[in-house]
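# Observations on the model geometry
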Amino acid sequence: MSSPVPLRCQCGAVQGELDVSASAGNRCVCYCDDCQAFAATLGREDILDAWGGSDIYQTAPNRLRITQGVEELRALRLGPKGLVRWYTACCKTPVGNMVSTTRSPFIGVISSFVPLDGPGRDAALGPVRMHLMGRFARGGCPPHAHPKMPLGALPGFAMLLLRSVVTGGHIPSPFVIDGAWRVEPELLSPEARAKLSAAAPTP
Ligand SMILES: [Zn+2]
Ligand SMILES: [Zn+2]
């Protein structure tokens, strides 16, 4: 067991910690249009890499604790079938993505919520194991990325999900209270979502 990794929004109002282990987490960079649209909606495209990628650590929700400022958490969905995407109200820091059920067995913690850069982030979260959905990347698919979802990534992710389901990894979670979302996720209007797509640079 390694010591917990700190979590912190940009302004510091929201803080927490994350338990990291190689068997219970998976780090990837996602270039998909929805992850880019989420950052754009918050006015936080600064969190994306040069190709528009989001650096994400996937793990079970019960491995994450909020120690301060939990009341600042908010959630957004880009469409009726979209992920529940958490951020902080205080400084619009992207926090993490979950599937749209309170029993979501995973959260993809976004690196903007991890106050570590470069080698420090690699040491804390492990190396990025895949770059996916590169066909949505700015300027075309980066050479290091898979255009969609690499099939080789699926067994690892499936094991992560299975382990979480078997161990009840969806609770306790700072995002769920008595089986309900802490705050009801806001649903982005189709018009607002379409505007984001139109604004995205075309490869
Ligand atoms: Zn903040
Ligand atoms: Zn994505």
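This text gives an overview of the structure that appears in the document. Since we're looking at a predicted model, the values are computed, not measured. (Residues numbered from 1 in each chain as written. Chains lettered and ligands numbered in written order. Predicted model: local features only at pLDDT ≥ 70, side-chain atom pairs only at ≥ 80, totals over all residues. Heavy atoms only, no water.)

### Let's talk about the pattern of salt bridges
- For the coordinates displayed, the defined rule picks out 10 salt bridges.
- The salt bridge partner of Asp117 is Arg121, with a shortest N-O separation of 3.2 Å. (Salt bridge = Lys/Arg side-chain N within 4 Å of Asp/Glu carboxyl O.)

### A short note on the coordination of the zinc ion (ligand 1)
- Within the protein, Cys9 (SG), Cys11 (SG), Cys90 (SG) and Cys91 (SG) serve as the donor atoms for the zinc ion (ligand 1), at 2.2 to 2.4 Å.
- Every donor counted, the 4 donor atoms about the zinc ion (ligand 1) form angles of 105 to 117° at the centre, which fits tetrahedral coordination.
- Read N to C, the donor residues that coordinate the zinc ion (ligand 1) are spaced as C-x1-C-x78-C-C. Linking Cys11 in the loop between strand S1 (5-8) and strand S2 (15-18) with Cys90 in the loop between strand S7 (84-88) and strand S8 (94-98), this pair joins segments that are 79 residues apart in sequence.
- Among the residues examined, Cys11 registers a relative accessible area of 44% and is labelled partly exposed.
- You can call Cys90 partly exposed: its relative accessible area is 31%. (Donors = N, O, S within 2.8 Å, 3.2 Å for Na, K, Ca; no water. Tetrahedral: all angles 85-135°; square planar, octahedral: opposite > 155°, others 65-115°. Helix = DSSP H or I, 4+ residues; strand = E, 2+ residues; numbered from the N terminus. Buried < 20%, exposed > 50% of the residue type's maximum accessible area, 1.4 Å probe, protein only.)

### Re the side chain of Thr93
- Looking at the secondary structure, you find Thr93 in the loop between S7 and S8.
- Judged by relative accessible area, Thr93 falls into the buried class, the value being 0%.
- At a separation of 3.0 Å, a polar atom in the side chain of Thr93 contacts the main-chain amide nitrogen of Gln10.
- Sequence-distant contacts of Thr93, that is, excluding residues within four places in its chain, are made with Cys9, Gln10, Arg44, Tyr87, Thr88, Ser112 and Phe113. (Polar contact = N/O pair within 3.5 Å; in protein donor to acceptor, adjacent residues only side chain to side chain. Contact = heavy atoms within 4.5 Å.)

### Digging into a nonpolar patch on the surface
- Residues Met149, Leu151 and Leu154 make up a contiguous nonpolar surface patch of roughly 290 Å² in combined accessible area.
- With respect to the secondary-structure elements, Leu154 resides in helix H3 (residues 154-167). (Patch = residues over 30% accessible without salt bridge, like charges linked within 9 Å, V, L, I, M, F, W, Y side chains within 5 Å. Areas by Shrake-Rupley, 256 points an atom, 1.4 Å probe, with all protein chains shown as cover.)

### Some points on the nonpolar core
- In this structure, Leu18, Leu64, Trp86, Leu125 and Phe175 are the most contacted members of the largest nonpolar core, which totals 25 residues.
- Of all the secondary-structure elements, those providing two or more residues to this core are S1, strand S5 (64-68), strand S6 (73-77), S7, S8, strand S9 (107-110) and helix H2 (118-125).
- In this structure Trp86 touches Phe38, Leu73, Arg74, Ala75, Pro94, Val95, Gly96, Met98, Phe175, Trp181, Arg182 and Val183, once residues within four positions along its chain are discounted.
- Counting 21 residues, the second-largest nonpolar core is a separate cluster that includes Phe38, Ala39, Leu78 and Met130. (Core = buried A, V, L, I, M, F, W, Y, C linked by side-chain atoms within 4.5 Å.)

### Thoughts on the packing of aromatic side chains
- Evaluation of the coordinates by the stated rule reveals 4 aromatic pairs.
- Ring geometry for Phe106 and Phe157: centres 5.4 Å apart, planes at 85°, overall edge-to-face. Residue Phe106 is found in the loop between S8 and S9, and its partner Phe157 is found in helix H3; the two are separated by 51 residues along the sequence.
- Take Phe106: its relative accessible area is 10%, and that puts it in the buried class.
- Assessed through its relative accessible area of 19%, Phe157 is described here as buried.
- Pairwise contacts between aromatic rings join Trp86, Phe175 and Trp181 into one cluster. (Phe/Tyr/Trp six-rings, centres within 6.5 Å; stacked < 30°, edge-to-face > 60°.)

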